[in-house]
Each structure stands twice: as structure tokens, then as C-alpha cells.
Amino acid sequence: MFTGIVETTGRVGAVEVLARTRRIRIDVEGWEGALSEGDSVAVDGACLTAVALHPGGFAVDVIGTTLERTIAGTYTPGHRVNLERALRMGDRLDGHLVQGHVDGIGHLIQIVQEGEFWLMDVEVPGEILDVTVVHGSIAINGVSLTVSELPAPGVCRIGLIPYTYEHTNLGSLRGGDPVNIEGDMIGKFVARVLETRGAVPRRQGEDAP
């Protein structure tokens, strides 16, 4: 479990393509001794396991399902990633409850500066938009954010303060870039309960409960 409060950013150091997986080396400053093998780390919001440690970083293995559902399959050396270690029981919860289970990939439409802050419009898959409400929570590339508006069908608008813009990889995104999105966990549970009770229809292609 995570909070969506990014601790730092790192860089993809290398991508090794194996038979059925990819091993991705993440370089990060200041984390010496902060991780052990087997620890969970949110990399752009996707919960991954540190399978090996190296001076100045760690490595993760990414399997087919994760490659399909997240942006990890697009990583190349030098790519900047948001990093957060798993939440410990008793820690202060500053963001919102984030599982690290990415629901789908969205795409940045635009980031526009408005005085001292930025407005970010993101194209969001329908199944995530269904559990998204104005002033509710959403995680984009692992960053806990508040939904400002739903200005158009399939579009979520977020306000970014300067700290978030500068200290995460959101500020380096450009129009069309893919992003990991995790919908609000409470919204997903509510939607599932309503679905099983027949209050809302299933989307085409979904399995019956």
C-alpha cells in the first residue's frame, strides 16, 4: 500500500529484455540502505518488487500483465520515474490510499500554466472515469492528485502546485505522453457493489460476477 506522495524521482539506467520479462534497472540518489531485496516500490505508481540492489539503485522484473497495463513497456534508459516506498503501519497518510495496481493507461492532452500553478488535462479510460468524481482522488504516475474538473467526456483536469510540478515527472510530460492511472479505491468498491446488485450495467466484454 502507498500514499501517492512521491518520495523522489529516479532514472531508468538499463532495460534488459529477457525471454518472458524485462529487468529494469532504476538509478536513484540517496536510497543507499533504504531498500532490501523483496521490498515493494511504486515506480510511476505501479507496485514492483526490488529483485536486486546495486550501488546507486535497484532492479525490478516486469512481467507481461504489467507491461500491458502500465507504461513500463515504454521505458528506455534515461526515462525519469516517480518513486515511493511502501507505506508502513503507523505512518502518516498524507495523500490517499493507493494500491499500486494500475487500472489503465491514459494520455496527457495538455499542461497549461495558470499564474503560479498548472492545469493538466488527461484522457482517462472509461472504466476509470466511472469511479472518478470532482474533488475526489486519482493517482497519475503514482502521484496522489485531486480532480478539479471533468471538463469533457473522457477528460480529467488536475491542478498542479509548483512543488508537484517540479518534484515529480509530471512537469516533464508532453502532449500525447502515456501515463499510469489508478482510480480511487473507494469508488471502485462502490461501483462493484452497485454492479453486483444490478444497479449499474456491466461494460461490454466484462465477465459476470
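Use the structure listed above.
Here we summarise the structure given alongside this text. This is a predicted model, so every value here is computed, not measured.

**Quick look at the overall build of the protein**
Okay, so step 1: Looking only at helices and strands, the protein has four helices and twelve strands in total.
Okay, so step 2: Since a compact globule built from 209 residues should have a radius of gyration of about 17 Å, the 17 Å found for the protein is in line with a globular shape.
Okay, so step 3: A principal-axis box enclosing the C-alpha atoms of the protein has dimensions of 50 × 45 × 35 Å.
Okay, so step 4: The long-range fraction of contacts in the protein, counting pairs at least 24 apart against all pairs at least 6 apart in sequence, stands at 68%.
Okay, so step 5: With the model as given, the accessible surface of the protein reaches about 11100 Å², and the carbon-plus-sulfur share is 51%.

**Notes on the pattern of salt bridges**
Okay, so step 1: Taken as a whole and judged by the stated rule, the model has seven salt bridges.
Okay, so step 2: Aspartate 27 serves as the salt-bridge partner of arginine 25, at 3.2 Å between the closest nitrogen and oxygen.
Okay, so step 3: The exposure class of arginine 25 is partly exposed, given its relative accessible area of 33%.
Okay, so step 4: The salt bridge involving glutamate 149 is made with arginine 157; its shortest N-O contact spans 3.4 Å.
Okay, so step 5: The structure contains a network of salt bridges with shared partners spanning Asp121, Glu149 and Arg157.

**Looking at the sheet that holds strand β7 (residues 104-114)**
Okay, so step 1: Pairing within the closed barrel is antiparallel, and its six strands lie in the order β7-β8-β11-β10-β9-β12. For this sheet, the mean angle separating the axes of adjacent strands, direction not counted, is 45°.
Okay, so step 2: As paired strands, strand β8 (residues 117-123) and strand β11 (residues 155-160) are joined by six bridges and run antiparallel to one another. Along β11, the bridge assignment pairs leucine 119 with glycine 159.

**Quick look at helix α4 (residues 185-196)**
Okay, so step 1: End to end, α4 covers 17 Å across twelve residues, agreeing with the expected 16 Å (1.5 Å per residue, within 8%).
Okay, so step 2: Of all the residues in α4, the buried ones are Met185, Gly187 and Glu195. One side of α4 carries all its buried residues, which in axial view fall inside an arc of 155°. Of the exposed residues in α4, the ones pointing more than 90 degrees away from its buried face are Ile186 and Phe189.

**Considerations on the sheet that holds strand β5 (residues 57-63)**
Okay, so step 1: Within the closed barrel, the six strands sit side by side as β1-β2-β5-β4-β3-β6. Their pairing is antiparallel. Put simply, the sheet's adjacent strands are angled 45° from each other on average, direction ignored.

What counts and how
Starting afresh in each chain, residues are numbered from 1 along the sequence in its written order. pLDDT decides what is reported in this predicted model: residues at 70 or higher carry local features, side-chain atom pairs at 80 or more are listed and counted, and totals for whole chains, interfaces and linings draw on all residues regardless. The basis for the side-chain values is all heavy atoms of the structure; hydrogens and waters are excluded. Put simply, DSSP H or I for four residues or longer makes a helix, DSSP E for two residues or longer makes a strand, and each gets a number counted from the N terminus. Our radius of gyration looks at C-alpha atoms and nothing else; its globule reference is 2.2 Å times the residue count to the power 0.38. Contacts: residue pairs with any heavy atoms within 4.5 Å of one another. Using a 1.4 Å probe, the Shrake-Rupley method yields the accessible areas, and only the shown protein chains count as cover for residues. Basic side-chain nitrogens of Lys or Arg form a salt bridge, by our definition, when they fall within 4 Å of a carboxyl oxygen of Asp or Glu. Summary of the burial criterion: residues with accessible area below 20% of their type's maximum are buried, those above 50% are exposed, and those between are partly exposed, where the area comes from a 1.4 Å probe applied to protein chains only. For two strands to be treated as a pair, DSSP must find at least two bridges joining them. To obtain each axis, a line is fitted to C-alpha atoms, and for helices this fit is confined to the stretch in contact; angles are then taken between N-to-C directions over 0 to 180 degrees. Helices are assigned an expected span. That span is 1.5 Å times one less than the residue count. Summarising the geometry, the arc corresponds to the directions from the helix axis toward the C-beta atoms.

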